[in-house]
Amino acid sequence: RIDEMYNSFDFETVAKSVLKPDAWAYYSSGADDEISMRENHNAFHRIWLRPRVMVNVKNVDTSTTMLGSRTSLPLYITATALGKLGHAEGEVVLTKAAKNRDIIQMIPTLASCSFDEIVDAAGPDQTQWLQLYVNGNREVSEKFVRHAESRGMKGLFITADAPQLGRREKDMRQKYSQEDPDEIARTSTTVNRDEGAARAISSFIDPSLCWDDVAWFKSITKMPILIKGIQTPEDAVLAAKYGCQGVVLSNHGGRQLDFAPSSIEILAETMEALKREGLDKNFEVYIDGGVRRGSDVFKAIALGAKGVGIGRPFLYAMSAYGVEGVEKLLELFQNEFEMVMRLMGVTRIEDIKPEMVDIRNIKDHFVANPVDHLANASYERMQPRGN
Ligand code: HOC
């Protein structure tokens, strides 16, 4: 029951029991041995807090701005593909919950609902951003970007960490049986649906995307441009030098390159590199991956993030309980974050500072057991020839 949901992990448990196996495999899978996927959350465990006391924390304000838009919390619903695998109404479920709780939503290129359906479901003052997979046919991308701007998107987030699809083997073991996965897959002539949902939708993405393309994007849109999928401080610096307004440090939820670092681990060094180069002003750094607790949000803000993206937990809340579930999860994040702020002795987002966290052990990786390949293999399909 929804009132038995006490944290973001609870929704994952319920989602696992209600989702069809192919949907669960697609949403929950990470690349290869899923080390990066698990490390994303584990890395937060290596950061400790330094609470200050004897501060008047009667009134705590968790609201802030991201790319100039107001939000009730420094977090947003990040782009995740194929929402209808989890709920019949797809991404508009997330839109409605975001509207009710003043939260920004990033609309995925690979949504199950059409882009316009998602924008139409939003309220008049609701902020939405666009996540873009750059198409091999640039005219398609140009048309989409211009349309998105005309529909009021407040930011363009170009995904850079997926020139090729990572191997999500749990997903690949599932035959992708949906008739109508999404518009882009439908129009592609080269889609191979025999190796999981991800492979079915990935065939149009342009691996030639590079830094020089930023100038072209700047020529076709006035939206702030941010690069999503930055995995080193060097590339964050390059994004600033090429004129982007920000970056999202992200390893794609551990779904692309296994052993890519978690974003929280490289956040402090990224902020330092930007500062060293004098590029930290008017440049917003976001992170995603592994954020599951209000304290995770706090740690990211303390280390310099303007906000954090959260993906799978919202998919799980949506799959388990629809709009009500996503709102409930947002309420839990609100309560947890507010409590952490109060117990840390801060009342405003701008007062959350690096000295409030201890990152001395941030590099002490504990590599969790890799995924259990023996448990995942399907022996019926793997019978030796002749059986
Ligand atoms: C190379 C194409 O973001 C996912 C989605 C879709 C990925 C397409 C990548 O499954 O992670």
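Up top is the structure.
Please read these numbers as outputs of a predicted model, since none were measured by experiment.

Trainee: Tell me about the site of the ligand, residues and numbers included.
Mentor: Near the ligand there are twelve residues, and of these Y26, Y133, R168, H252 and R255 occur at the shortest range. A distance of 2.6 Å separates an oxygen atom of the ligand from a polar atom in the side chain of Y133. Take R255: an N or O atom from its side chain is 2.9 Å from an oxygen atom of the ligand. Protein chains bury 94% of the 350 Å² of accessible surface belonging to the ligand in isolation. Residue composition of the shell around the ligand, grouped by class: seven nonpolar, three polar and two charged.

Trainee: Kindly report on the sheet that holds strand β10 (residues 284-288), identifying the contributing residues and their values.
Mentor: Overall, parallel pairing links the eight strands, which are arranged β4-β5-β6-β7-β8-β9-β10-β11 in a closed barrel. Across the sheet, the axes of successive neighbouring strands diverge by a mean angle of 30°, strand direction being ignored. Direction of pairing for strand β4 (residues 75-77) relative to strand β11 (residues 307-310): parallel, over a ladder of three bridges. Counted as the bridge partner of I77 is I310 from β11. Contacts from helix α10 (residues 213-220) reach β6 (128-132), β7 (156-159) and β8 (225-230) within the one sheet, and its direction differs from that of β8 by about 145°. Here helix α12 (residues 263-276) sits on the sheet in contact with β8, β9 (246-249) and β10, set at roughly 170° to β10.

Trainee: An account of the pattern of salt bridges is needed here, citing residue identities and associated values.
Mentor: Summed over all chains, the structure comprises 20 salt bridges. Its salt-bridge partner being R46, residue E265 comes within 3.5 Å of it at the nearest N-O pair. Highlighted residues: E265 in helix α12 and R46 in the loop between α3 (35-42) and β1 (48-49), separated in sequence by 219 residues. Like R46, E265 is buried. A salt bridge links E89 to K96; its shortest N-O distance comes to 3.1 Å. Residue classification places E89 among the partly exposed positions, given a relative accessible area of 36%. For K96, a relative accessible area of 29% puts it in the partly exposed group. Salt bridges here are not isolated pairs; linked through shared partners, they connect E39, R46, E265, E269 and K363.

Trainee: Outline the pairing of β7, listing residues and values.
Mentor: Here β7 shows a buried face lined by L156 and I158 and a second buried face lined by F157 and T159. As paired elements, β6 and β7 share three bridges and run parallel to each other. Across the sheet, the residue bridging to Q131 is F157, located in β7. At this point the chain moves from β6, through helix α6 (residues 138-150), to the parallel β7, and the crossover so formed is right-handed. Relative to β8, β7 runs parallel, the two being bridged by four bridges. When the sheet's bridge partners are listed, F157 is paired in β8 with L226.

Trainee: Would you mind going over the packing of aromatic side chains in detail, with residue names and values included?
Mentor: Taken as a whole and judged by the stated rule, the model has eleven aromatic pairs. Summarising the aromatic geometry, the rings of F11 and Y321 are spaced 6.2 Å apart at their centres and angled 85° between planes, so their arrangement reads as edge-to-face. Taken together, the residues F11 in helix α1 (residues 8-18) and Y321 in helix α14 (residues 312-344) connect sequence positions 310 residues apart. A relative accessible area of 23% places Y321 in the partly exposed class.

Trainee: Summarise α6; cite the residues concerned and give the values.
Mentor: The end-to-end C-alpha distance of α6, which contains 13 residues, comes to 18 Å, matching closely the 18 Å that a straight helix rising 1.5 Å per residue would cover. What α6 keeps buried is the set R138, S141, V145 and A148. Summarising the axial view, the buried residues of α6 lie within an arc of 90°, below the 170-degree limit, and thus occupy one face. Facing away from the buried surface of α6 by more than 90 degrees, the exposed residues are E139, K143 and S150. Close packing links the buried residues of α6 with α5 (115-120), β6, β7 and α10. At the N-terminal end of α6, a side-chain oxygen is found 3.0 Å from the backbone nitrogen of E139, two or three residues along, and the residue is N137. Backbone geometry just downstream of α6 places G152 in the positive-phi region, at approximately 95°.

Cut-offs used in this document
- Residues numbered from 1 in each chain as written.
- Predicted model: local features only at pLDDT ≥ 70, side-chain atom pairs only at ≥ 80, totals over all residues.
- Heavy atoms only, no water.
- Near = heavy atom within 4 Å.
- Polar contact = N/O pair within 3.5 Å; in protein donor to acceptor, adjacent residues only side chain to side chain.
- Areas by Shrake-Rupley, 256 points an atom, 1.4 Å probe, with all protein chains shown as cover.
- Nonpolar A, V, L, I, M, F, W, Y, C, P; charged D, E, K, R; others polar.
- Pairing = 2+ DSSP bridges.
- Helix = DSSP H or I, 4+ residues; strand = E, 2+ residues; numbered from the N terminus.
- Axes fitted to C-alpha atoms, helices over the stretch in contact; angles between N-to-C directions.
- Contact = heavy atoms within 4.5 Å.
- Salt bridge = Lys/Arg side-chain N within 4 Å of Asp/Glu carboxyl O.
- Buried < 20%, exposed > 50% of the residue type's maximum accessible area, 1.4 Å probe, protein only.
- Right-handed = clockwise from strand over helix to strand, strands pointing away.
- Phe/Tyr/Trp six-rings, centres within 6.5 Å; stacked < 30°, edge-to-face > 60°.
- Expected span 1.5 Å × (residues − 1).
- Arc of directions from axis to C-beta.

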